[in-house]
Amino acid sequence: GIQVEQSPPDLILQEGANSTLRCNFSDSVNNLQWFHQNPWGQLINLFYIPSGTKQNGRLSATTVATERYSLLYISSSQTTDSGVYFCAVGVTDSWGKFQFGAGTQVVVTP
Amino acid sequence: GAGVSQTPSNKVTEKGKYVELRCDPISGHTALYWYRQSLGQGPEFLIYFQGTGAADDSGLPNDRFFAVRPEGSVSTLKIQRTERGDSAVYLCASSLMTSGGVQFFGPGTRLTVL
């Protein structure tokens, strides 16, 4: 099956800093989402981005499908950005079957 | 409701018992998914439904696990003869077919098998 690798595994940021999270995947995908899992365990949709670039406030994401990677940018980080960020991909032969990466644990300190 | 809901939020059971976990998807969403998340790991796919039928159940770990969605809305994940290794958070998600499979997740059910 498709492999999804996220880096870095852990990230500690000072409030106000910027950061980039990366997601590499091993095969062509037709679906890619970024999620934020908050400290209470709720998975929150950030972006649906199988290709291209999107922005939502301080967050933006870019997927380069031909090179099999996606990037999530966090600018001017806040303590509420703490949590685990997951990349999940779906493949053509079973679009509903998401394969998640292991996540990036982000801690934003005041 | 406004989002995906799951009940119970927590379930503690003894090894060998039978459990049922329920998922109410977002109204109008035709696709429904079940995942399992162990501590420190990403969610792991179990099964997804398109309408009433299971479109892909390749993630179910063994025949102790079964899921149904008889009317194309609410789904129940059933686990027979529970084992301590089944302890995890069970997550449900739903999506509209026409939205490109954007999945919206519920809060999960934390299952603990003693």
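Everything that follows concerns the structure shown earlier in this document.
Each chain carries its own residue numbering, running from 1 in the written order of its sequence. Following the order in which they are written, the chains are lettered starting with A and the ligands numbered starting with 1. Residue-level local features of this predicted model are given only where pLDDT is at least 70; pairs of side-chain atoms are given and counted only at 80 or more, and the full residue set underlies all totals for whole chains, interfaces and linings. The side-chain values count all of the structure's non-hydrogen atoms but skip hydrogen atoms and water molecules.

Participant: Would you mind going over the packing of aromatic side chains with me for this structure?
Facilitator: One pair of aromatic rings is described through two measures. These are the centre distance and the angle between the planes. Any two of the Phe, Tyr and Trp rings considered here, Trp counted by its six-membered ring, make a pair once their centres fall within 6.5 Å; the pair's planes then place it as stacked at under 30 degrees, edge-to-face at over 60, or tilted in between. Counted under the stated rule, the structure contains 11 aromatic pairs over all chains. With a centroid separation of 6.0 Å and an interplanar angle of 75 degrees, the aromatic rings of Y35(B) and F45(B) are classed as edge-to-face. Of this pair, Y35(B) sits in strand β4 (residues 31-37) while F45(B) sits in strand β5 (residues 44-50), and the two are 10 residues apart along the sequence. Note on accessibility: Y35(B) and F45(B) belong to one class, buried. Among the aromatic residues, those joined into a cluster by ring pairs are F35(A), F86(A), F98(A), F100(A), Y33(B), Y35(B), F45(B), Y48(B) and F105(B). A cation over a ring is seen here: R22(A) above Y69(A), with NZ or CZ 4.2 Å from the ring centre. Secondary structure elements follow DSSP: runs of H or I no shorter than four residues count as helices, runs of E no shorter than two count as strands, and numbering proceeds from the N terminus. Relative accessibility thresholds used throughout: buried, under 20% of the residue-type maximum; exposed, over 50%; partly exposed, between the two (1.4 Å probe, protein chains only). Over a ring means this: the NZ of a Lys or the CZ of an Arg is within 6 Å of the ring centre and within 35 degrees of the ring normal.

Participant: I keep staring at the sheet that holds strand β7 (residues 65-68) of chain B and nothing clicks. Help me out?
Facilitator: Whenever strands of a sheet pair, they do so through backbone hydrogen bonds, lying parallel or antiparallel. Residue and element names in this part refer to chain B. Here a strand pair is declared whenever DSSP counts at least two bridges between the two strands. Taken together, the 4 strands give an open sheet; going across it, the order is β1-β3-β8-β7, and neighbouring strands pair in antiparallel fashion. With one partner strand each, in any of the chains shown, β1 (5-7) and β7 form the two edges of the open sheet. Neighbour-to-neighbour, the strand axes of this sheet turn through a mean angle of 15 degrees, independent of strand direction. With 3 bridges joining them, β1 and strand β3 (residues 19-24) adopt antiparallel strand pairing. All axes here are fitted lines through C-alpha atoms, helices being fitted over the stretch that makes contact, and every angle between N-to-C directions spans 0 to 180 degrees.

Participant: Would you take a moment to explain the environment of Q3(A) for this structure?
Facilitator: All names here are of chain A. Here Q3 lies in the segment before β1 (4-7). With relative accessibility at 49%, the residue Q3 sits in the partly exposed group. When the C-alpha atoms of Q3 and V89 are compared, they prove to be 9.3 Å apart, with 86 residues separating the residues in sequence. We call two residues in contact whenever any of their non-hydrogen atoms come within 4.5 Å of each other. The contact partners of Q3, leaving out residues within four places of it in the chain, are N24, F25 and S26. In this structure the side chain of Q3 is engaged in a polar contact, spanning 3.1 Å, whose partner is the backbone oxygen of G1. Two N or O atoms count as a polar contact when they lie within 3.5 Å, although within protein this holds only if one can serve as hydrogen donor and the other as acceptor, and sequence-adjacent residues are included solely when both atoms are side-chain atoms.

Participant: Looking at this structure, how should I read the side chain of T104(A)?
Facilitator: All names here are of chain A. Note that T104 resides in strand β11 (residues 104-109). A distance of 2.6 Å separates a polar atom in the side chain of T104 from the backbone oxygen of P8. Leaving out residues up to four positions away in the same chain, T104 has contacts with Q6, S7, P8, P9, L11, L21, G83, V84 and Y85.

Participant: In this structure, what is going on with the interface of chain A and chain B? I would like to understand it.
Facilitator: When the parts of a complex come together, some accessible area is lost, and that lost area is often used as the size of the interface. Every contact between the two is made by 17 residues of chain A and, on the other side, 23 residues of chain B. With both sides pooled, the region where chain A packs onto chain B buries about 1,600 Å², and carbon together with sulfur makes up 54% of that total. One speaks of a salt bridge when a side-chain nitrogen belonging to Lys or Arg is within 4 Å of a carboxyl oxygen belonging to Asp or Glu. Applying the counting rule to chain A against chain B returns 0 salt bridges. Linking chain A to chain B there are 5 residue pairs in polar contact (both at pLDDT 80 or more). Elements with a minimum of two residues in the side of chain A that touches chain B: β4 (31-37), β5 (43-48) and β10 (94-100) of chain A. A per-element tally of the side of chain A that touches chain B places β10(A) first, with 6 residues. Buried area counts how much accessible surface, traced with a 1.4 Å probe, disappears from two parts once they are put together, with both parts' losses summed.

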